[in-house]
Amino acid sequence: MAITLTWLSLIVLIPLAALVIKPWELGLDGVWRTLTDDRVVAAFRLSFGAAAIAAAADAVLGLIVAWAIVRYSFPGRRLLDALVDLPFALPTAVAGIALTAIYAPNGPLGALFAQVGIKTAYSPLGVVLALTFIGLPFVVRAVQPVLEEVDREVEEAARTLGATDYQRIVRVVLPAILPAILGGVGLAFARAVGEYGSVIFIAGNLPMVSEIAPLLIIIKLEQFDYAGAAAVGLGMLVISFVALLALNLVQTWLTRRSRG
Amino acid sequence: MTHDIRHLSRRGLLGGAALAGPAVLAGGGLAMAQGAPKPATLLNVSYDPTRELYKEINAAYAKFWKEKTGQTLTIQQSHGGSGKQARSVIDGLQADIVTLALAYDIDEIAQKAKLLPANWQSRLPQNSAPYTSTIVLLVRKGNPWKIRDWGDLVKPGIEVITPNPKTSGGARWNYLAAWAWALKQPGGSPAKAEAFIKELFQHVPILDTGARGSLTTFAQRGVGDVFLSWENEAFLSNEEFGPKFDIVYPSLSILAEPPVAVVDKIVDRRKTRTIAEGYLNFLYSPLAQDLTGKHHYRPRGAQAQAKYAGKFKKIPLVTIDDTFGGWTKAQKTHFADGGVFDRIYRP
């Protein structure tokens, strides 16, 4: 217990404490002024908004991928299973450069989108694309083991009792795996909020339009404004914490309900 | 572009410097005692586009030093965005020498970490800048939009690529060059210059964090019609990407003086002051001056200037001191939070 606590303190609590202490050099109103600056607000809106959209997209895409891996047997299934983890292994800068090359106006997909008048790279949409990419494995890996555990006999029973395919999925399977989906979404969201490397290449970084909150932190550091940077970091930490806490509560409630 | 990779390599250097530390101390001590000098290391912390230049200068200086003293030198170099590099030194990177993109970054090291005196820039000739550069306009081959000067950049439909002045030293020079041009037009005033800058940045679709990232956007992603560039990077891009671009010299630009300095506290602790000061003086030697010209920097020395006279076009250049009242003032007016650059993005 003591060892665990010491390690936890060294690795997690002390750095976080430093982040919590630093901003107050500016004073309460200084921190408030930093966080309510319209550029910071715009960056928060983009970072958290894009992370939420990306996590929601990951929920759908991740469920489909996990479903395919668990429920179907097809050639290349093991390969697909291994590919899922690649976004984890790839340095985020590499992911960012690759995505930008593909979605830039002269890239294969970017050119396609440009023809129908949609700007992908260098716009908020590009941010969502990058965040969806890096978040996908979290949902797949959270859902996959739970889906494997779902009792097929219960589904069979539902079928013999006359349930349609839709009813089986929505009333039987989904309630069982929903907590896992939410867990994965929470992880994808948390990762996406703080993501810098992969986003910075594709975002365009225009103030008030496509500037993410982590970039604002870098900008403040670049001006040797350590306290201001820490204030933005603290703001992100608080919002993330509240969002993850809410997600956790829903997850716990769902788990209890499905057991009870 | 290689943000993470560079960061890693700098960590590597840090580790290397730490390991080599004791050997260096011993080496310095022995050299003073006139014995057979032990090998020494030197760390030059620089900014992005000087990589190739310092690679050659380091080799030349190591050779020069070996002949002069018999001591073997290993010179390590670290590159990254100028501001980021300055911050690393403030946070403890053991740089014997800093060679950065602008004086402001070394000022910050002097002010925040007190590692060198505030008057560092007057210790070496010519504002401690052994070579200079300027800002030019890089356009696509054949100059399809007929861009001749700063004023052409705000024509309808033109897209301009420059990094973010908040995060890139080079971008600050770009911005100030454009400002100076607008200010020096007939009837020019600070208000008119600000209006021009505001219009100019409405033509900027992407703000990368560093000059190399912007060059990738322009050269490889094919975005934009004009790239605001260091003169030396403009020459380099034609070497690197093939002759795909033309360099356009505007009617007026800015004299960029990338300064160099010995970091006093660190060289005194590591006993490398003689080697480090020798290195900076060496930068002013005819041999090193010739290398700066070869690597597309404008040399200061008369001999190298004469040799490369045909390469660098003579255009009127303003300086940071005569037009902007020095870096500290320019930084505060234009680039600090709430400064002009923030203002032009407010609706």
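Reading the values: the criteria
Residues numbered from 1 in each chain as written. Chains lettered and ligands numbered in written order. Predicted model: local features only at pLDDT ≥ 70, side-chain atom pairs only at ≥ 80, totals over all residues. Heavy atoms only, no water. Helix = DSSP H or I, 4+ residues; strand = E, 2+ residues; numbered from the N terminus. Buried < 20%, exposed > 50% of the residue type's maximum accessible area, 1.4 Å probe, protein only. Areas by Shrake-Rupley, 256 points an atom, 1.4 Å probe, with all protein chains shown as cover. Pairing = 2+ DSSP bridges. Domains from an automatic or database assignment. Contact = heavy atoms within 4.5 Å. Buried area = accessible area lost by both parts, 1.4 Å probe. Salt bridge = Lys/Arg side-chain N within 4 Å of Asp/Glu carboxyl O. Polar contact = N/O pair within 3.5 Å; in protein donor to acceptor, adjacent residues only side chain to side chain. Nonpolar A, V, L, I, M, F, W, Y, C, P; charged D, E, K, R; others polar. pLDDT = per-residue confidence, 0-100. Axes fitted to C-alpha atoms, helices over the stretch in contact; angles between N-to-C directions. Core = buried A, V, L, I, M, F, W, Y, C linked by side-chain atoms within 4.5 Å.

## What about the overall build of chain B?
Point 1. Check the secondary structure of chain B and you find 15 helices and eleven strands.
Point 2. Looking at chain B residue by residue over its 347 residues, the buried ones come to 60%.
Point 3. Here chain B has roughly 13,600 Å² of accessible surface; of this, 59% comes from carbon and sulfur atoms.

## Examining the pairing of strand S4 (residues 131–140) of chain B
Residue and element names in this part refer to chain B.
Point 1. Across the ten residues of S4, nine count as buried, placing the element largely inside the fold.
Point 2. Of the strand pairs in this sheet, S4 and strand S10 (residues 298–299) are connected by two bridges, and their pairing is antiparallel. Paired with Tyr131 across the two strands is Pro299, which belongs to S10.
Point 3. Pairing of S4 with strand S7 (residues 245–248) involves four bridges; the strand directions are antiparallel. From the neighbouring strand, Leu137 faces S7, where its bridge partner is Val248.

## Regarding the domain arrangement of chain B
All names here are of chain B.
Point 1. On domain assignment, one finds that chain B holds domain 1 (3–129 + 257–284) and domain 2 (132–256 + 316–343).
Point 2. Listed as interface residues are 14 residues of domain 1 and, on the opposing side, 15 residues of domain 2.
Point 3. Of the roughly 1,200 Å² buried between domain 1 and domain 2, counting both surfaces, carbon and sulfur atoms make up 61%.
Point 4. Where domain 1 touches domain 2, the interface holds zero salt bridges.
Point 5. Where domain 1 touches domain 2, the interface holds one residue pair in polar contact (both at pLDDT 80 or more).
Point 6. For the side of domain 1 that touches domain 2, the secondary-structure elements that each account for two or more residues are helix H2 (51–69) and helix H4 (103–112).
Point 7. For the side of domain 1 that touches domain 2, a count of residues per class yields seven nonpolar, one polar and six charged.

## A closer look at the interface of chain B and chain A
Point 1. Counting from both sides, the interface comprises 35 residues of chain B and, opposite them, 30 residues of chain A.
Point 2. Regarding the contact of chain B and chain A, the summed buried area is about 2,700 Å², with carbon and sulfur atoms giving 54% of it.
Point 3. On the chain B side of the contact with chain A, Arg87(B), Arg221(B) and Arg346(B) bury the most area, a combined 24% of that side's loss.
Point 4. Viewed at the interface, chain A and chain B are joined by five salt bridges.
Point 5. Note that Arg346(B) is salt-bridged to Asp37(A), the shortest N-O span being 3.4 Å.
Point 6. At the level of secondary structure, the elements contributing two or more residues to the side of chain B that touches chain A comprise helix H1 (3–32), helix H3 (82–90), H4 and helix H14 (327–335) of chain B.
Point 7. By residue number, the principal contributor to the side of chain B that touches chain A is H3(B), which donates five residues.
Point 8. Class assignment of the residues belonging to the side of chain B that touches chain A gives a composition of twelve nonpolar, nine polar and 14 charged.

## Considerations on the confidence of the model for chain B
Point 1. Taken over all residues, the pLDDT of chain B has a mean of 88, while the share at 70 or more is 90%.
Point 2. Predicted confidence is poor over residues 1–33 of chain B, with pLDDT under 50, and the contacts of this stretch with residues over four places away or in other chains come to 39 contacts.

## Quick look at the sheet that holds strand S1 (residues 40–46) of chain B
Think of a sheet as strands paired side by side through backbone hydrogen bonds, with each pair either parallel or antiparallel.
Residue and element names in this part refer to chain B.
Point 1. Sheet architecture is open: four strands sit in the order S2-S1-S3-S9, paired in mixed fashion. Only two strands of the sheet have a single neighbouring strand rather than two, namely strand S2 (73–78) and strand S9 (260–262). Going from strand to strand, the sheet's axes swing by 20 degrees on average, the running direction of each strand aside.
Point 2. Bridge count for S1 against S2 is six bridges, and the pairing is parallel. When the sheet's bridge partners are listed, Thr41 is paired in S2 with Thr74.
Point 3. Sitting on the sheet, H2 touches S1, S2, strand S3 (97–99) and S9, and the angle it makes with S2 is about 165 degrees.
Point 4. Set on the sheet, helix H10 (residues 273–283) makes contact with S1, S2, S3 and S9; between it and S9 the angle comes to about 160 degrees.

## Considerations on the nonpolar core
Point 1. Membership of the largest hydrophobic core comes to 94 residues, with the highest contact counts inside it found for Val98(B), Trp150(B), Tyr279(B) and Trp327(B).
Point 2. Among the elements that make up this core, the one with the highest residue count is helix H5 (residues 169–183) of chain B (nine residues).
Point 3. Both of domain 1 (3–129 + 257–284) and domain 2 (132–256 + 316–343) of chain B provide at least three residues apiece to this core.
Point 4. Sequence-distant contacts of Tyr279(B), defined by excluding residues within four places in its chain, comprise Leu42(B), Asn44(B), Tyr54(B), Ile57(B), Asn58(B), Tyr61(B), Ile75(B) and Ile97(B).
Point 5. Of all hydrophobic cores here, the second largest spans 49 residues; its members include Ala51(A), Ala93(A), Phe189(A) and Ala192(A).

## Quick word on helix H11 (residues 286–294) of chain B
All names here are of chain B.
Point 1. For H11, the full list of buried residues reads Ala288, Gln289, Leu291, Thr292 and Gly293.
Point 2. Buried residues along H11 sit in contact with H2, S4, H10, S10 and helix H12 (302–307).
Point 3. Positive phi appears at His296, one or two residues downstream of H11, with a value of about 75 degrees.

## Some details on the side chain of Gln289(B)
Residues and elements named next belong to chain B.
Point 1. Position of Gln289 among the secondary structure elements: in helix H11.
Point 2. Given a relative accessible area of 2%, Gln289 falls into the buried group.
Point 3. Among the polar contacts made by the side chain of Gln289, one reaches the main-chain carbonyl oxygen of Leu283 at a distance of 2.9 Å.
Point 4. If we skip the residues at most four places from it in the chain, Gln289 touches Pro130, Leu283, Tyr284, Pro299, Arg300, Gly301 and Ala304.

## A few points about unusual backbone geometry
Point 1. Phi at Asn205(A) is positive, roughly 60 degrees, even though this residue is not glycine.
Point 2. As for its position among the elements, Asn205(A) is in the loop between helix H11 (197–200) and helix H12 (213–222).
Point 3. We classify Asn205(A) as buried; its relative accessible area is 1%.
Point 4. Positive phi values are uncommon outside glycine, yet Lys114(B) reaches one of about 50 degrees.
Point 5. Classification of Lys114(B) as exposed rests on a relative accessible area of 53%.

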